[in-house]
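Chain by chain, the residues:
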Amino acid sequence: MTLEEKTAQLYGVWVGASNQGGEVAPHQHDMEEPADLDALLPAGLGQLTRPFGTAPVDPALGALSLMRTQQRIASANRFGIPALAHEECLAGFAAWKATAYPVPLSWGATFDPGLIRRMAAAIGADMRSVGVHQGLAPVLDVVRDARWGRVEETIGEDPYLVGTLATAYVQGLESAGIVATLKHFAGYSASRAGRNLAPVAMGPRERADVVLPPFEMAVRESGARSVMHAYTDTDGVPSAADEALLTGLLRDTWGFDGTVVADYFGIAFLKTLHGVAGGWADAAATALRAGVDVELPTVKTFGAPLRDAVATGRVPEELVDRAVRRVLTQKAQLGLLDADWSPVPPALGGADLDDPAALRGTVDLDSPANRELAARIADQAIVLLTNDGTLPLTPSPSPLTPSPARPRTIALVGPNADEPTAVLGCYSFPVHVGTQHPGTPAGIELPTLREALEREFPAARIVTARGADVDGDDTSGIAEAVRLARDADVVVAALGDRAGLFGRGTSGEGCDADSLALPGVQQALLDALLDTGTPVITTLLAGRPYALGRAVAESAAIVQSFFPGVAGATALAGVLSGRTNPSGRLPVSVPRTPGAQPSTYLAARLAQATEVSSIDPTAAFAFGHGLSYTAFSWSGLTVVNEETGTDGEFALAFTVRNTGEREGTEVVQLYLHDPVASVVQPVQRLIGYARVPLPPGEARRLEVTVPADLASFTGRDGRRVVEPGELELRLAASSSDPRLVARVRLTGAARYVDHTRRLHAHIGPVRRARPRAGASAARDRDPSGTS
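Let us look at the structure shown here.

**Some details on the overall build of the protein chain**
Consideration 1: For the protein chain, the count of helices and strands is 21 helices and 31 strands.
Consideration 2: Relative to its length of 787 residues, the protein chain is compact, with a C-alpha radius of gyration of 27 Å against a globular reference of 28 Å.
Consideration 3: If one aligns the C-alpha atoms of the protein chain with their principal axes, the spans along those axes are about 75 × 70 × 50 Å.
Consideration 4: Within the protein chain, the fraction of its 787 residues that count as buried is 63%.
Consideration 5: Long-range contacts, defined here as pairs at least 24 residues apart, represent 79% of the contacts in the protein chain between residues at least 6 apart.
Consideration 6: Where the 70 positive side-chain charges of the protein chain centre and where its 89 negative ones centre are 5 Å apart.

Quick look at the structure:
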């Protein structure tokens, strides 16, 4: 291959598919001039950027357009190499008429990797069916400050939860033949003050112990074939220029052998935003040397500027060869280099490709199976934060017996009461792209909360008032909302966010918050509703957690959801009626006050409330919290071995019982507390979890195995170490609600571990009738008195 042919494999071109089935057209983006395909294609092309995700296009005609473009690309270059097509798929395939699933923060609330794996497999199957090869998901950033606009795109504030669910997502996507992309590598979410693309203030230990573990787990366990560098710089080194990160750690240590792709315009940002490159050639040379293989979304630096850098000796051609080899290896894995490769995607197999009009509407990306899966995730992701007994509401059997629990009239009040897109995150197609095409329908059915409540409570009268906008300072609608509330049996306050991009929303990329107060005048609306004396159920359709002021103590109930997707309003209504017993748990802490940030539970002692600061960062509702309509007891803790070596493991067993009157699911969480360590540690951190469904009255005995490796952390010398000493293993219903505590001890010499260490505890049904001989009943008791 010539140098031009090689570099052509290292960039993408941003295009939009044709809604008439013709070839794609280069996308006009405000940061770049559209590419000249006629000039580029004779040398080949590495990637096509978002043919389905740029403008509304019928899925079948989009597939035809992509097919015809692939024919043109392959026939234009002398090796017959087609392009790799990538799309966004953060909360479903970001294409018109494709299912919009719950956002990743809702995945975190499910604590259910198996369910997320199924969702990703379904997303991947839809993408592959229309000719897409790579998905730019999942996001493995750990929330460090909830003011960051992209919190909705993350899975939560704990690295173990993020790692396990992201790994499951990758496994599902890759099982469908789609290249998954781990992003954003690394530290993007730790930017100062939660500002998008701000510098990252983070030491090497926080990076090693909080930010990197989810990526490490995914690289080891998921089969991910691509990684996307982060936009941000850490201690002055941009991720796109960090050879120690992208090559030394990712490849040389972890053994990753896939492709590293640029976050959009990220290589150019080395010149324009970071100031570490003097020109486009310098930016290309810096990124290529660091380990970036592919420039996205379009060609800027890896074309002529990179070739110039090679010609002048600033970049060895061997670095170009290294990247091209990785790109072509991946294309070979996808079958794009096979002699019998066909551009016809599975969705068009057997169709009359010469009759585009007949193809319209023949490809279904929002199937009943998809929607059923989206509904199940939404059901499991709803978190019941408080409940004074008002929930569940029951449809009143008679107009003579209204009450808060059996309402005749429900006042549904708030900016998200009757808004179809209130359930969607910023990377859903209707929000991300559809808002730029106001005359085009959403393409998918999006029931509003009002419609869902009308179906859920057919005998009740639902009266609705907006009360206030999501943002803005107009309070003129509050009086009408209060009037409706006073005349109702119960109020459902529908509050939260509007997803958007770069300031067009209150949540989403570039929509950072200066505090965690509810946007606009929503708190004033909520307080006015509380003043009526009518029971208020506060519901949130949001992209991040918010402080709720008086509502924490005064609401009859608080129900939290994080952009729960197409079935989200129905899922929320089902929790209110009791049709669904809530089992979601918080993947992020809900703050008590709007300004006490960061307030993640994963913090050291001095980050907790102290007597020497007037700011109390204690959360109103802690990570892992969530209530049910039944009750669970935890008992019978036994510790098989209270001591083990630094290379051993602990074994425990305990019993969970459903003591209520209906079936429910307890989410068992296992936290590790290290009282004394050679460096400051978080007070506790999650090291395992399990969903335990139980019929009423039924108990389940569970065993827990905890490898000593899970007590490891980055020591003073930068190496990961397991130190001898006392530990607490806390079996808990949340990070603030330990139910059973085992005090155990690691013995022997300190032991250094690496990326091959064990990453998981086991929590599951007991596989033996009783503990081994010599096991002792734990002397440590449940704080509530249960042993």
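**What about the pairing of strand E27 (residues 725-734)?**
Consideration 1: Counting buried residues in E27 gives nine out of 10 residues, a clear majority hidden from the surface.
Consideration 2: In terms of strand pairing, strand E22 (residues 664-673) meets E27 through five bridges, oriented antiparallel. Bridge pairing links Leu670 to Leu731 in E27.
Consideration 3: Of the strand pairs in this sheet, E27 and strand E28 (residues 737-747) are connected by nine bridges, and their pairing is antiparallel. Bridging from a neighbouring strand, Ala732 pairs with Pro738 of E28.

**Description of the state of the cysteines**
Consideration 1: Going through the model one piece at a time under the given rule, you end up with zero disulfides.
Consideration 2: Not part of a disulfide, Cys89 finds its nearest cysteine sulfur in Cys426, a span of 14 Å.
Consideration 3: The thiol of Cys511 is unpaired, and the distance to the nearest cysteine sulfur, on Cys426, comes to 7.2 Å.
Consideration 4: On the basis of relative accessible area, Cys511 is assigned to the buried category, the value being 2%.

**Observations concerning the environment of Met67**
Consideration 1: Its place among the elements puts Met67 in helix H3 (residues 59-76).
Consideration 2: Sequence separation between Met67 and Val24 is 43 residues; the distance between their C-alpha atoms is 9.5 Å.
Consideration 3: In this structure, Met67 is in contact with Pro343, Val344, Pro345 and Leu353, ignoring residues within four places of it in sequence.

**Here we look at the sheet that holds strand E23 (residues 685-694)**
Consideration 1: Read from one edge to the other, the open sheet built from five strands follows the order E20-E28-E27-E22-E23, with strand pairing classed as mixed. Each end of this open sheet is capped by a strand with a single partner; those strands are strand E20 (643-645) and E23. With strand direction ignored, the average angle separating the axes of adjacent strands in the sheet is 30°.

**Focus on the pattern of salt bridges**
Consideration 1: Going through the model one piece at a time under the given rule, you end up with 36 salt bridges.
Consideration 2: Residue Arg78 is joined to Glu5 by a salt bridge in which the shortest nitrogen-to-oxygen separation is 2.5 Å. Residue Arg78 is located in the loop between H3 and strand E4 (84-87), and its partner Glu5 is located in helix H1 (residues 3-8); the two are separated by 73 residues in the primary sequence.
Consideration 3: Classification of Arg78 as exposed rests on a relative accessible area of 57%.
Consideration 4: With a shortest N-O distance of 3.4 Å, Arg314 and Asp282 are connected by a salt bridge. In this pair, Arg314 is assigned in the loop between helix H12 (304-311) and helix H13 (317-333) and Asp282 in helix H11 (residues 280-290), connecting sequence segments 32 residues apart.
Consideration 5: A relative accessible area of 31% means that Asp282 is categorised as partly exposed.
Consideration 6: Taken together, the salt bridges that share partners define one network made up of Asp418, Arg450, Glu451 and Glu454.

**A look at the packing of aromatic side chains**
Consideration 1: The full count for this structure, using the stated rule, is 14 aromatic pairs.
Consideration 2: Ring centres 5.6 Å apart and planes at 65° place the aromatic pair Phe52 and Phe93 in the edge-to-face group. Placement of the pair is Phe52 in the loop between strand E3 (47-49) and H3 and Phe93 in the loop between E4 and helix H4 (104-110), with a sequence separation of 41 residues. Side by side, Phe52 and Phe93 carry an identical accessibility label, which is buried.
Consideration 3: Summarising the aromatic geometry, the rings of Trp634 and Phe654 are spaced 5.7 Å apart at their centres and angled 20° between planes, so their arrangement reads as stacked. A residue pair is termed long-range when its members are at least 10 positions apart, and Trp634 in strand E19 (residues 632-639) and Phe654 in strand E21 (residues 649-658) qualify at 20 residues.
Consideration 4: A relative accessible area of 0% places Phe654 in the buried class.
Consideration 5: Aromatic rings pair up to connect Phe111, Tyr160, Tyr601, Phe623, Tyr671 and Tyr689 into one cluster.

**Quick word on the sheet that holds strand E1 (residues 12-16)**
Consideration 1: Overall, mixed pairing links the eight strands, which are arranged E2-E1-E3-E4-E5-E6-E7-E10 in an open sheet. Edge strands, defined here as strands with exactly one partner in the open sheet, are strand E2 (25-26) and strand E10 (259-261).
Consideration 2: Two elements, E1 and E3, share three bridges in a ladder whose sense is parallel. Paired with Gly12 across the bridge in E3 is Gln47.

**Quick word on the packing of helix H5 (residues 113-129) against helix H6 (residues 159-175)**
Consideration 1: At a minimum axis distance of 7 Å, the contact between H5 and H6 shows a crossing angle of 35°. Note that H5 runs across H6; the crossing there is right-handed. Contact residues: Pro113, Ile116, Arg117, Met119, Ala120, Ala121, Ile123 and Gly124 in H5; Thr164, Leu165, Ala168, Tyr169, Gln171, Gly172, Leu173 and Ser175 in H6.

What counts, and where the lines are drawn
- Residues numbered from 1 in each chain as written.
- Predicted model: local features only at pLDDT ≥ 70, side-chain atom pairs only at ≥ 80, totals over all residues.
- Heavy atoms only, no water.
- Helix = DSSP H or I, 4+ residues; strand = E, 2+ residues; numbered from the N terminus.
- Rg over C-alpha atoms; globule rule 2.2 N^0.38 Å.
- Buried < 20%, exposed > 50% of the residue type's maximum accessible area, 1.4 Å probe, protein only.
- Contact = heavy atoms within 4.5 Å.
- Lys, Arg positive; Asp, Glu negative; His and termini not counted.
- Charge placed at Lys NZ, Arg CZ, Asp CG, Glu CD.
- Pairing = 2+ DSSP bridges.
- Disulfide = S-S within 2.5 Å.
- Axes fitted to C-alpha atoms, helices over the stretch in contact; angles between N-to-C directions.
- Salt bridge = Lys/Arg side-chain N within 4 Å of Asp/Glu carboxyl O.
- Phe/Tyr/Trp six-rings, centres within 6.5 Å; stacked < 30°, edge-to-face > 60°.
- Left-handed = near helix turned anticlockwise from the far one by under 90°.

Take it as geometry only, folks, not as evidence of what the structure does.
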